[in-house]
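These are the residues of each chain, in order.
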Amino acid sequence: MQYILCEPFAAKFNQPTREKIVTKTWMCLICGWIYDEAAGLPEEGIPEGTPWDQVPMNWLCPECAARKEDFEMVEI
Ligand SMILES: [Zn+2]
């Protein structure tokens, strides 16, 4: 019984460890608007899962038009 239970568990462990996808969140220091990498900003043409460094340099905060430099990474 124990062996049967352990089998799929062991198989899981034998798989190469996949890199954990960590998405970050960035906050506008001017207005507090949050950019979530996991969510992206589809209405502005930024697909979900887009890392911050792939957001166009000329992108502006949708709330206050702050530049990317005015954003800071935040831990949630
Ligand atoms: Zn802003």
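Remember, it's a predicted structure, so these values are computed and weren't measured experimentally.

S.K.: So what about the coordination of the zinc ion? Which residues, and what values?
M.R.: Any two of four tetrahedral donors ideally make an angle of 109.5 degrees at the metal, while pairs among six octahedral donors ideally make 90 or 180 degrees. Bound to the zinc ion on the protein side are Cys28 (SG), Cys31 (SG), Cys61 (SG) and Cys64 (SG), at distances that span 2.2 to 2.4 Å. Each of the four donor atoms bound to the zinc ion contributes to angles spanning 105 to 117°, and the resulting shape is tetrahedral. All donors of the zinc ion belong to a single chain; written as a sequence motif, their spacing is C-x2-C-x29-C-x2-C. With a relative accessible area of 3%, cysteine 61 lands in the buried category. Classification of cysteine 64 by relative accessible area gives partly exposed; the value is 30%.

S.K.: Pulling in residues and values, what's your account of the pattern of salt bridges?
M.R.: Following the criterion strictly, the structure yields one salt bridge and no others. Close ionic contact of glutamate 69 with arginine 67 constitutes a salt bridge, the shortest N to O distance being 3.5 Å. Exposure remark for arginine 67: the relative accessible area of 46% places this residue in the partly exposed category.

S.K.: Explain the nonpolar core to me, and be specific about the residues and the numbers.
M.R.: In this structure, Trp26, Cys28, Trp33, Tyr35, Leu41, Ile46, Trp52, Val55, Trp59, Cys61, Ala66 and Phe71 together form the largest nonpolar core, which totals twelve residues. Discounting residues that sit within four places of it in the chain, tryptophan 59 has contacts with Trp33, Leu41, Glu44, Ile46, Trp52, Ala66, Arg67, Lys68 and Phe71.

S.K.: Before we move on, could you go through unusual backbone geometry and cite the residues and values that matter?
M.R.: The phi dihedral of alanine 65 is positive, around 65°, even though this residue is not glycine. By the element assignment, alanine 65 lies in the loop between strand S2 (34–36) and strand S3 (71–74). Residue class for alanine 65 comes out partly exposed when judged on its relative accessible area of 46%.

Rules used throughout
Residues numbered from 1 in each chain as written. Predicted model: local features only at pLDDT ≥ 70, side-chain atom pairs only at ≥ 80, totals over all residues. Heavy atoms only, no water. Donors = N, O, S within 2.8 Å, 3.2 Å for Na, K, Ca; no water. Tetrahedral: all angles 85-135°; square planar, octahedral: opposite > 155°, others 65-115°. Buried < 20%, exposed > 50% of the residue type's maximum accessible area, 1.4 Å probe, protein only. Salt bridge = Lys/Arg side-chain N within 4 Å of Asp/Glu carboxyl O. Core = buried A, V, L, I, M, F, W, Y, C linked by side-chain atoms within 4.5 Å. Contact = heavy atoms within 4.5 Å. Helix = DSSP H or I, 4+ residues; strand = E, 2+ residues; numbered from the N terminus.

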